[in-house]
Structure formats: structure tokens, C-alpha cells
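# Residue-level structure breakdown
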Amino acid sequence: MTGIVRGFWMGLAGCSLSWLAACGSTPQETQTPTPQPVVTDASTTTEAPTQPQEAAPPEREIAAADEAKLGKLPKGVGIAVKKKAPDASADDAMSGEKVSLKSLYAKGPTLVVFYRGGWCPYCNFQNRALTEKYSEFESRGVQIVAISSDQVSNAVKTGKHYKVPFTLLSDSDLEAHTAYKVAVQLSPEELEAYKKEGIDLEAASGKDHHKLAIPSYFLVDAKGVVRWAHADPDFRTRPSVEQLLAAIDKKLPKAKGAKGAAPKEEKVEKEEKKAE
């Protein structure tokens, strides 16, 4: 896992101090007053200053996953294909309720996405892309469940800013991360490097465990079985929306609205055995 950990603090310059600071606390609700003229003397008037807007989350474009690595897991990371998807509980960022992954699987095929947090510009780029193309997943009968170690208040900010139409889960206690084997521990040196870039992981998660998710994807079928999985410690490279949709069409041929000639499930299983 040492090599995996080292990959986690590459490219930190893309993260914004102002956004992280905004994520560290919940702003008080106030009414923005209409600017009124302020009289300073008999001959001068100025406009009263308006309240500053909250900084937009940082974004940085991600590179599509290398086809040679697509659909593969590093050793010791994640849940293998054909294994039962684990259950765990986490907080639904928008409803504030504790939910179980098992209850979400029961709703139908699910793409479980682990991302690092709202302070990560690559994760924000990904969440925007998934939001913009979510109808493509819905047409295939697949829901997205995105999970991070952000505390609820920070996950809410991500959901509201991007108007995320899918489920966002706050897993600051790492129950889901641990169940899926995607949590990585930062060393003191790595943690210090993050701090120098203005990234306060304790403020982001509300915890002092100093752990992050390896960006990971698990396609879970209606029976709760993992049909496709991908993880890469290089957080700058992730499956594109097109690559994710192609995986769904191939691995869940019976998914609603799947494009192209859908192979039978038996054929898919034979192809998986040949690839092993």
C-alpha cells in the first residue's frame, strides 16, 4: 500500500485554499441587504458594499483512464468482480438520514463511486460530468451513489453547488470506505504537504483519522453482486463518463435502455472467466 499512498499527494497545487476554508464551517444564514447610498459628506455618496460571494469549488480536468488499466483493481484494494457488494451505513448528505448501502442496492443496479472530497478539484470535475450526463445512467436503469469522507455539511455544499441529482453520502467515519477496502492512510509527511497547500483534511471530514479514498468505481447489479470494478491511486486519471457507460452496457446487458446488441448474461460470464 506504500506505493499507493505516495500517489495521493501528487499535483496538490490544483486545490484551492479559499474553497477548503469555506468547507470548514457552516455559514450563518443572513439576508443580503440591498445596497444603499452612504453619505460621507455634503458632496460625496458611495454605494454600501455587498456581502462577498462564497468561493466556487476548484475544478481541474481529469484524464480518461488508460484502456489497459480500465476495469482493474490494485492488489489489496476494492471488492473483486463477482463478489457480494458489502453493506455499510453512511449519512445521506441531502436528507441528513443514515442509510445503508444494502437498502440502496435494493433499488436497482448501482454505480458506487468513491471520491476524495469537495476540496479536490479532480473530484469536482468528475461530479460535474456525472451530473451533466446522469440521464444517460438513468436511461440504463442505473443509479449513482457517490461516497466521500467529507462531513455532512461539506457534502451538502458539493450537492447544492452542482445540483447533484444522485445520492451523495458522507462517510466521515469510513465505514463504507473500510468495507470496500478503498481507504488509504496518509503519513505525517504527506499530511504536512497537504497542509502547506492549504488543505485541512480534519476540517473537511471533521475527524482526525487522516484517511482518504482511492478514487474507485463498483458496478453492483440488482442482486447485490459486483459486476465491474476500477480503482487507481493516481487521482488525476479516472474513467470518463463514456467509459463508465460502456462498462454498464457490457456488464449489465439487461439494464434498461442499454444501447447496442446486448449479449446474454451467460456470454458475459464466459468472457469474464476468460479474462481471469
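The structure under discussion appears in the preceding block.
Read on for a plain summary of the structure. Just so it is clear, the structure is predicted and the values come from calculations on it, not from any experiment. (Residues numbered from 1 in each chain as written. Predicted model: local features only at pLDDT ≥ 70, side-chain atom pairs only at ≥ 80, totals over all residues. Heavy atoms only, no water.)

Among all positions in helix H6 (residues 152-162), only Asn 154, Ala 155, Val 156, Lys 157, Thr 158, Gly 159 and Tyr 162 are buried. Looking at the residues trailing H6, positive phi occurs at Lys 163, about 55°. (Buried < 20%, exposed > 50% of the residue type's maximum accessible area, 1.4 Å probe, protein only. Helix = DSSP H or I, 4+ residues; strand = E, 2+ residues; numbered from the N terminus.)

Let us now look at the pattern of salt bridges. The tally for this structure, following the rule as stated, stands at six salt bridges. Between Glu 59 and Arg 128 there is a salt bridge, with its nearest N and O atoms 2.6 Å apart. Of this pair, Glu 59 sits in the loop between strand S2 (44-47) and strand S3 (63-64) while Arg 128 is found in helix H4 (residues 121-132), placing the two residues 69 residues apart along the sequence. Three or more residues joined by partner-sharing salt bridges are found here, namely Glu 136, Arg 140 and Asp 249. (Salt bridge = Lys/Arg side-chain N within 4 Å of Asp/Glu carboxyl O.)

What follows concerns the sheet that holds strand S12 (residues 226-231). If you walk across this open sheet you meet the seven strands as S5-S4-S8-S7-S6-S11-S12, and the pairing is mixed. Each edge of the sheet is formed by a strand with only one pairing partner; in this case those strands are strand S5 (98-100) and S12. Averaged over all pairs of adjacent strands, the angle between their axes in this sheet comes to 30°, without regard to strand direction. Pairing between strand S6 (residues 110-114) and strand S7 (residues 143-148): five bridges, direction parallel. Note on S7: the bridge partner recorded for Phe 114 is Ile 147. Sitting on the sheet, H6 touches strand S4 (89-92) and strand S8 (167-170), and the angle it makes with S8 is about 160°. (Pairing = 2+ DSSP bridges. Axes fitted to C-alpha atoms, helices over the stretch in contact; angles between N-to-C directions. Contact = heavy atoms within 4.5 Å.)

The residue Lys 160 is located in helix H6 in this model. Residue class for Lys 160 comes out exposed when judged on its relative accessible area of 57%. As a C-alpha pair, Lys 160 and Ala 93 span 67 residues in sequence and 10.0 Å in three-dimensional space.

With five of its five residues buried, strand S11 (residues 216-220) lies for the most part within the structure. Covered by surrounding structure in S11 are Ser 216, Phe 218 and Val 220 together with Tyr 217 and Leu 219, the residues of both alternating faces. Bridging between S6 and S11 involves five bridges; their strand directions are antiparallel. By the bridge assignment, Thr 110 is partnered in S11 with Val 220. Counted along the chain from S11 to the antiparallel partner S12, the turn is five residues long, and its residue Gly 224 has a positive phi close to 80°.

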